[in-house]
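Below, each chain spelled out in residue letters.
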Amino acid sequence: QVQLVESGGGFVPAGGSLRLSCVASGTIFPGAFMGWYRLTPGKQRDLVDQRDMVAQITYGGNTLYGDSAKGRFAISRGNSKNEIYLQMNSLKPEDTAVYFCNLYQRGIDSWGQGTQVTVSS
């Protein structure tokens, strides 16, 4: 079982920036997707779907963004395929959510514990 640990959330004024990090323990296999999802207040994690996807990066380095993230957020990978980052710029109050790191490989979803991002108006 892969463990995911997020960091980097916090409180930021509108227009500010944050960088989230996620480190995965264990082996990342070819074909895996890693990425970030966010849940707005009141939404349960077991109800997450692709509409909550913020950004994904494939094992090969291809990226995919949710509509809300395009042009403002950037997903990247560290030197190891076990580390991903989410640079969030021009943050808006509606970006306030718990951000979860996700790994999907071999038919299995793994999730981190989440990190809170709060953007004040």
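Residues numbered from 1 in each chain as written. Predicted model: local features only at pLDDT ≥ 70, side-chain atom pairs only at ≥ 80, totals over all residues. Heavy atoms only, no water.

Right, let's talk about the nonpolar core for a bit. In a soluble, globular protein the nonpolar side chains are often hidden away together inside. Ranked by size, the top nonpolar core spans 27 residues in total, and within it Met 34, Trp 36, Leu 86, Met 88 and Tyr 99 carry the most contacts. When contributions to this core are tallied by element, the ones reaching two or more residues are strand S3 (18-24), strand S4 (33-39), strand S5 (53-58), strand S7 (73-77), strand S8 (83-88), strand S9 (97-105) and strand S11 (115-120). Ignoring anything within four residues of it in the chain, the contact list for Tyr 99 reads Glu 6, Leu 20, Trp 36, Tyr 37, Arg 38, Val 54, Phe 73, Leu 86, Met 88, Gly 114, Thr 115 and Val 117. (Core = buried A, V, L, I, M, F, W, Y, C linked by side-chain atoms within 4.5 Å. Buried < 20%, exposed > 50% of the residue type's maximum accessible area, 1.4 Å probe, protein only. Helix = DSSP H or I, 4+ residues; strand = E, 2+ residues; numbered from the N terminus. Contact = heavy atoms within 4.5 Å.)

To continue, consider the pairing of S9. Counting buried positions along S9 gives seven out of nine residues, so the element sits mostly inside the fold. Of the strand pairs in this sheet, S4 and S9 are connected by seven bridges, and their pairing is antiparallel. Across the sheet, the residue bridging to Arg 38 is Tyr 99, located in S9. Across four bridges, the pairing between S9 and strand S10 (residues 108-111) is antiparallel. The residue of S10 that forms the bridge with Tyr 104 is Asp 109. Two successive antiparallel strands, S9 and S10, enclose a turn made up of two residues, where Arg 106 displays a positive phi of approximately 50 degrees. (Pairing = 2+ DSSP bridges.)

Phi is positive for Ser 90, close to 50 degrees, though the residue is something other than glycine. When you line up the elements, Ser 90 lands in the loop between S8 and S9. Using a relative accessible area of 41% as the deciding quantity, one classes Ser 90 as partly exposed. Residues other than glycine seldom take positive phi values, yet Arg 106 does so here, at roughly 50 degrees. By the secondary structure assignment, Arg 106 is in the loop between S9 and S10.

Among the secondary structure elements, Arg 38 is positioned in strand S4. Within the structure, Arg 38 has its side chain in polar contact with the side chain of Asp 95 (distance 2.9 Å). Residues in contact with Arg 38, not counting those within four places in the same chain, are Asp 52, Val 54, Ser 68, Phe 73, Glu 94, Asp 95, Ala 97, Val 98 and Tyr 99. (Polar contact = N/O pair within 3.5 Å; in protein donor to acceptor, adjacent residues only side chain to side chain.)

By secondary structure assignment, the location of Gly 107 is in the loop between S9 and S10. As for Gly 107 and Asp 46, which are separated by 61 residues in sequence, their C-alpha atoms are 16 Å apart.

The strands that make up a sheet are held in pairs by hydrogen bonds between backbone atoms, and each pair lies either parallel or antiparallel. The strand order S1-S3-S8-S7 describes an open sheet built from four strands, whose pairing is antiparallel. Edge strands, defined here as strands with exactly one partner in the open sheet, are strand S1 (4-7) and S7. Across the sheet, the axes of successive neighbouring strands diverge by a mean angle of 15 degrees, strand direction being ignored. Judged from the five bridges that link them, S7 and S8 form a sheet pairing that is antiparallel. By the bridge assignment for S8, Ala 74 is matched with Gln 87. (Axes fitted to C-alpha atoms, helices over the stretch in contact; angles between N-to-C directions.)

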